[in-house]
Amino acid sequence: MEILAFGVQADEKPLIERAFADHHPTRTLDVFLNTDTAPIAAGHEIISTSVNCDLGADVLSDLAAGGTRMVAQRSTGFNNVDLDVAERLGITVARVSSYSPYSVAEFAWTLAMAVNRRIVRASTRTRDFDFRLDGLMGRDLHGRTAGVLGTGKIGEAFARIAHGFGMRLLGWDVAENPACRELGMTYVPKEQLLAESDLVSLHVPLLPSTRHLIDATALKSMRDDAILVNSSRGGLVDTAALVDELRAGRFTGVGLDVYEAEAGLFFLDKSLEAVDDDTLARLVTFPNVLVTSHQAYYTVDAVTQIVATTVDNVLDYTAGRRSENVLVPRS
Ligand SMILES: NC(=O)c1ccc[n+]([C@@H]2O[C@H](COP(=O)([O-])OP(=O)(O)OC[C@H]3O[C@@H](n4cnc5c(N)ncnc54)[C@H](O)[C@@H]3O)[C@@H](O)[C@H]2O)c1
């Protein structure tokens, strides 16, 4: 049985082909699953998808009509999947519930330090043989406060690095993580965390209750000189409100690996096209903003784990086994 994988990056292709080699033939596509590309899946009982594939009601109906019975999503987040519709259509959906949290936590720190220490501007200057330091002044993080919104696996890994920097740790979550408490983290209300933190990093999942967690009010309650990092999901931040604050000259730096309208843009080469997203176009013009295209997970370690778990999920499905990675059927 051939497994059809959508949204496969060039570096990822050999890892997927190698991992499935002893089990199933695979066909990998660089296109993302959406209403235009869903017909390609016809005749494939099992497909694999990535984070910017559209698994809404229309696509799921097309998949079901074409004979697809199982979707192996190659990510932790599954906000792109309409689980109720999948369940109603009898499509099994599995995800990768955990993989190297260090990939994302280390990248969140990469963004934080790059904006704090003006690394992109410094690099551009030295390539131009401009060796002045004007405008490159950053801040020590030692002794300052890191606020971690979402202290699960990635939030904890982020907090460990903050602890290594000698930072005071504030946390906010619906469930406290004892390992973070052991690091000295104090759990506080979100409003207090935002008001007191020099660095705010987002690690909660995108849910209806966390959509625009960082809205205009939250942004206004943050310190003018704060650093904001979002390596979780774009929808956590109200980007238009963020642009308004940046326009007012606020924040030392903002590092975004995710963007709420990233589907259809991120992972694709749009360099020769006219940009029709005015919010993103404005965002990238701010000298204190760094945007990357959802690459925090993209280490050889994490992708190897993601692919291995995806193979296990497929083998579980074909053997009729159930694992913690199965999202639907719910029981
Ligand atoms: N940029 C990337 O490449 C990338 C890669 C992997 C994961 N992510 C994102 O990182 C997120 C976190 O991943 P993780 O592995 O740490 O997940 P996790 O489940 O280990 O941790 C999530 C934490 O959020 C908390 N939480 C859940 N709902 C909440 C709510 N309504 N309010 C407050 N806290 C809430 C949970 O209690 C948990 O502690 C994922 O959901 C995903 O969106 C991004």
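Since this is a predicted model, take the numbers as computed values, not measurements. (Residues numbered from 1 in each chain as written. Predicted model: local features only at pLDDT ≥ 70, side-chain atom pairs only at ≥ 80, totals over all residues. Heavy atoms only, no water.)

Student: Help me understand the side chain of T210, please; the structure alone is not making it clear to me.
Tutor: Looking at where T210 falls in the secondary structure, it is placed in the loop between β9 (199–202) and α9 (216–221). Classification of T210 as buried rests on a relative accessible area of 8%. Every residue in contact with T210, bar those within four places of it in the chain, is listed here: V204, P205, G235 and L236. (Helix = DSSP H or I, 4+ residues; strand = E, 2+ residues; numbered from the N terminus. Buried < 20%, exposed > 50% of the residue type's maximum accessible area, 1.4 Å probe, protein only. Contact = heavy atoms within 4.5 Å.)

Student: Please clarify how the sheet that holds strand β4 (residues 70–73) should be interpreted in this entry.
Tutor: The pairing of strands in a sheet comes from backbone hydrogen bonds and takes either a parallel or an antiparallel form. On the basis of which strands lie adjacent, the open sheet formed by six strands has the order β2-β1-β3-β4-β5-β13 and mixed pairing. Since the sheet does not close on itself, it has two edges, and those belong to β2 (26–28) and β13 (326–328), each with one partner. Sheet twist, expressed as the mean angle between neighbouring strand axes with direction ignored, is 20 degrees. Inspection of the sheet shows strand β5 (residues 92–94) paired to β13 by two bridges, in the antiparallel sense. Within β13, the position partnered with A94 by the bridge is V326. Here helix α1 (residues 12–20) sits on the sheet and contacts β1 (3–5) and β2; the angle it forms with β2, its principal contact strand, is near 170 degrees. Of the strands in this sheet, β1, β3 (46–49), β4 and β5 are in contact with helix α12 (residues 300–319), which crosses β4 at around 160 degrees. (Pairing = 2+ DSSP bridges. Axes fitted to C-alpha atoms, helices over the stretch in contact; angles between N-to-C directions.)

Student: What should I look at first to understand the packing of aromatic side chains in this one?
Tutor: A ring pair, where both rings are aromatic, is described by two values, the distance of the centres and the angle of the planes. The final tally for this structure, using the stated rule, is six aromatic pairs. Taken together, a centroid distance of 4.8 Å and an interplanar angle of 15 degrees make the contact between W109 and F158 stacked. Of this pair, W109 sits in helix α4 (residues 101–116) while F158 sits in helix α6 (residues 153–164); the two residues are 49 residues apart in sequence, bridging distant segments of the chain. Just as W109 is buried, F158 falls in that class too. Grouped by ring-pair contacts, the aromatic residues W109, F158 and F165 constitute a single cluster. (Phe/Tyr/Trp six-rings, centres within 6.5 Å; stacked < 30°, edge-to-face > 60°.)

Student: Even after reading the chapter, I still don't get the nonpolar core, so can you show me in this structure?
Tutor: For soluble globular proteins, nonpolar side chains are generally found buried alongside one another. Membership of the largest hydrophobic core comes to 71 residues, with the highest contact counts inside it found for L33, L63 and V93. Sorting elements by how many residues they give to this core places α4 first, with nine residues. Each of domain 1 (3–99 + 299–328) and domain 2 (101–291) contributes no fewer than three residues to this core. Each residue touching V93, except ones within four places of it in the same chain, is listed here: V71, V81, L83, A86, N325, V326, L327 and V328. (Core = buried A, V, L, I, M, F, W, Y, C linked by side-chain atoms within 4.5 Å. Domains from an automatic or database assignment.)

Student: How should the UniProt feature "domain: D-isomer specific 2-hydroxyacid dehydrogenase catalytic" (unreviewed entry) in the chain be read in this particular structure?
Tutor: The UniProt record annotates "domain: D-isomer specific 2-hydroxyacid dehydrogenase catalytic" (unreviewed entry) at residues 9–327. Helix makes up 36% of residues 9–327 and strand 13%, whereas the separation of the span's terminal C-alpha atoms amounts to 24 Å. (UniProt positions renumbered as here; feature names shortened; annotations may be inferred.)

Student: What am I meant to see in the side chain of S197 here?
Tutor: Of note, S197 is situated in the loop between α8 (190–196) and β9. Of note is the side chain of S197, whose polar atom sits 2.7 Å from the backbone oxygen of L193. (Polar contact = N/O pair within 3.5 Å; in protein donor to acceptor, adjacent residues only side chain to side chain.)

Student: Which parts of the structure should I look at to understand the site of the ligand?
Tutor: Y99, K153, I154, D173 and S231 are the nearest of the 22 residues found near the ligand. Take G152: an N or O atom from its main chain is 3.3 Å from an oxygen atom of the ligand. Backbone polar atom of Y297 to an oxygen atom of the ligand: 3.1 Å apart, as the coordinates give it. Against a free-state accessible area of 860 Å², the protein chains account for coverage of 85% of the ligand. (Near = heavy atom within 4 Å. Areas by Shrake-Rupley, 256 points an atom, 1.4 Å probe, with all protein chains shown as cover.)

Student: What is the right way to read helix α2 (residues 57–65) from this model?
Tutor: The periodicity of an α-helix, 3.6 residues per turn, causes residues three or four positions apart to be oriented the same way. Listed in full, the buried residues belonging to α2 are V59, L60, L63 and A64. Looking straight down α2, one finds its buried side chains confined to an arc of 135 degrees; they lie on one side. Among the exposed residues of α2, those oriented more than 90 degrees off its buried face are D58 and A65. Two residues or fewer after α2 comes G67, characterised by a positive phi angle close to 100 degrees. (Arc of directions from axis to C-beta.)

Student: How should the confidence of the model for the chain be read in this particular structure?
Tutor: Predicted coordinates in areas of low pLDDT are best not read in detail. Mean pLDDT over the chain works out to 97, with 100% of the residues at or above the 70 mark. At the level of individual helices and strands, the chain shows its lowest average pLDDT in α1, which scores 96, and its highest in strand β6 (residues 145–149), which scores 99. (pLDDT = per-residue confidence, 0-100.)

Student: Got a minute to help me understand the domain arrangement of the chain in this structure?
Tutor: A common way to state how big an interface is: give the accessible area lost once the parts meet. What the domain assignment reports for the chain is domain 1 (3–99 + 299–328) and domain 2 (101–291). In this structure, domain 1 and domain 2 have C-alpha centres spaced 30 Å apart. Here domain 1 and domain 2 share an interface that buries about 910 Å² over both sides, 56% of which is from carbon and sulfur atoms. The largest per-residue losses of area from domain 1 upon contact with domain 2 belong to N52, N79 and Y99, which jointly make up 49% of the total buried on that side. (Buried area = accessible area lost by both parts, 1.4 Å probe.)

Student: Teacher, can you tell me more about the packing of α4 against α6 here?
Tutor: Angle between the axes and distance between the axes: these two values describe a pair of packed helices. For the pair α4 and α6, the least separation of the axes is 8 Å and the interaxial angle reads 50 degrees. When the axis of α4 is compared with that of α6, the two are oblique. Judged by the sense of rotation from one axis to the other, the crossing of α4 with α6 is right-handed. On α6, the residues touching P101, Y102, V104, A105, E106, A108 and W109 of α4 are K153, I154, A157, F158, I161 and A162. Of the residues assigned to the contact of α4 with α6, the class counts are eleven nonpolar, no polar and two charged. (Parallel < 35°, antiparallel > 145°, perpendicular 65-115°, else oblique. Left-handed = near helix turned anticlockwise from the far one by under 90°. Nonpolar A, V, L, I, M, F, W, Y, C, P; charged D, E, K, R; others polar.)

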